[in-house]
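Structure at a glance
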Amino acid sequence: MRDAKAIRQAAEIIRKGGIVAFPTETVYGLGADGYNPLAVARIFEVKGRPSFDPLIVHIAHPAHLEKLVKETPSSVKRLTEKLWPGPLTVVLLKKENIPDIVTAGLPSIAVRMPDHPIALSLIKESSCPIAAPSANPFGYLSPTTAEHVREQLGDQVDLILDGGPCAIGVESTIISFLDGKPRLLRPGGVSLEEVESVIGKVETGPIKDRPSAPGMLPRHYAPRTPVVLGGNEKNPELYKSRNVGFLAFQEPNRDLKFHSVEVLSRKGDMREAAANLFSALRRLDALNLDLILAEPIPEVGLGRAIMDRLRRASHFLDSSPLTGENRGEGEWL
Ligand code: TXA
Ligand code: MG
């Protein structure tokens, strides 16, 4: 559903406490009235999302940020002026009236203004900020088409607004402004370089002892098929008896002996690669492969977000999908 009537209908559902899947420029979101704790609880239920994982609240005008947060530092003002609407989420101290379930009990809140006409109209017509995670079962690949949402959550959501494929294809960049210095919590659709060109140096290291954002859990954004990240495509012997799919960044320059190959961008264009990432992984995931081998991507611009998702998709807690050996903690490739 993509017309004005559908948006009005969706807004009415939101106002009455229902949940609606809607397109944004990054991925599809599953939204509810951000001031209605019962409606937000349904999102957690439908996604199978742990209650310690807070949601992003979506607004339709930069000025609405003030209604949600205690204070807006000048660096945030500069950043949102430049990059909103767009794939940028800011984390700040929240106002008391935001229900705890939205922020998972944290004193902070994540807010963004999406750059998508359907998302913006929906928020305006609903007359409330919309709390929305990506519209996928917890831990699985984010949806970049309405069809992806339908396949996975179809009968559990009240309505799906169809805006076609998402232009950016990876989630928003999350920057926290809680400890004085801005800190990158999740690389995403706006590059770190672009953010730093507006507000200067952004911290990027992990915060000690805990994931800085629960979406930063080591295994996340993962297909069902095991994913291996790294250059073993040079050693096809390893995969002889296996049904292996290859996720290539750009056009591979030789005959690859894989069961199936997905190319993210023939020309090696980072934006195109990001936009295709989750769909390509889904297509490979549907083939019942033993393994998906993913080609590493240069970590500049959007490449940082793509590699972040691939690392998390390829993180195995128990054993190596190549050898069956238990690999214990840490990286193993
Ligand atoms: O592009 C996007 O950001 C998409 C679209 C729908 O807007 N949304 C999205 O939501 O990716 P979700 O729930 O899949 O990821 C939200 C991330 C989670 O990793 C969560 O931990 C983090 O935002 N987050 C939310 N509130 C936070 C807070 N107060 N402090 C730190 N991280 C927070
Ligand atoms: Mg998500």
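Residues numbered from 1 in each chain as written. Chains lettered and ligands numbered in written order. Predicted model: local features only at pLDDT ≥ 70, side-chain atom pairs only at ≥ 80, totals over all residues. Heavy atoms only, no water.

**Side note on the pattern of salt bridges**
This is how the line gets drawn: Salt bridge criterion: a side-chain nitrogen from Lys or Arg within 4 Å of a carboxyl oxygen from Asp or Glu. Note on conventions: DSSP H or I runs of at least 4 residues are helices, E runs of at least 2 residues are strands, and numbering of each starts at the N terminus. When a residue's accessible area, from a 1.4 Å probe over protein chains only, is under 20% of the maximum for its type it is buried; when over 50% it is exposed; and in between it is partly exposed.
If you walk through the whole model with that rule in mind, you get 16 salt bridges. Between Lys70 and Glu96 there is a salt bridge, with its nearest N and O atoms 3.5 Å apart. Of this pair, Lys70 sits in the loop between α3 (65-68) and α4 (74-83) while Glu96 sits in the loop between β4 (88-93) and α5 (100-103); the two residues are 26 residues apart in sequence, bridging distant segments of the chain. According to the relative accessible area criterion, Glu96 is exposed, its value standing at 65%. Residue Lys267 is joined to Glu272 by a salt bridge in which the shortest nitrogen-to-oxygen separation is 3.6 Å.

**Considering the sheet that holds strand β12 (residues 260-263)**
Going by this rule: By the convention used here, strands pair only if DSSP detects at least 2 bridges between them. Note on geometry: axes are C-alpha line fits, over the in-contact stretch for helices, and angles between N-to-C directions span 0 to 180 degrees. Contact definition: two residues touch when any of their heavy atoms are within 4.5 Å.
Strand order in the open sheet formed by four strands is β10-β13-β11-β12, and the pairing between neighbours is parallel. A strand with exactly one partner marks an edge of an open sheet, and here the two such strands are β10 (227-229) and β12. Ignoring strand direction, the axes of neighbouring strands in this sheet form an average angle of 20 degrees. Pairing of β10 with strand β13 (residues 291-294), which is carried by three bridges, proceeds in the parallel orientation. In the strand pairing of β13, Leu229 is matched with Ala294. Seen against the sheet, helix α9 (residues 270-285) touches β11 (244-248), β12 and β13 and runs at an angle of roughly 170 degrees to β11. Its contacts with the sheet place helix α10 (residues 303-313) against β10, β11 and β13, and it is angled at close to 130 degrees to β10.

**Considerations on the packing of aromatic side chains**
Note the following rule: A pair of aromatic rings is counted whenever rings of Phe, Tyr or Trp (Trp by its six-membered ring) have centres within 6.5 Å, and the orientation is called stacked for planes under 30 degrees apart, edge-to-face for over 60 and tilted otherwise. Here, a charge over a ring is recorded when the distance from Lys NZ or Arg CZ to the ring centre is within 6 Å and its angle to the ring normal is within 35 degrees.
Counted under the stated rule, the structure contains one aromatic pair. Each ring, one from Phe246 and one from Phe258, has its centre 5.0 Å from the other, and the planes form 15 degrees; the classification is stacked. Of this pair, Phe246 sits in strand β11 while Phe258 sits in the loop between β11 and β12; the two residues are twelve residues apart in sequence, bridging distant segments of the chain. Of the residues examined, Phe246 reaches a relative accessible area of 2% and is grouped as buried. Residue classification places Phe258 among the buried positions, given a relative accessible area of 12%. It is Arg224 that lies over the ring of Tyr140; its NZ or CZ is 4.3 Å from the centre.

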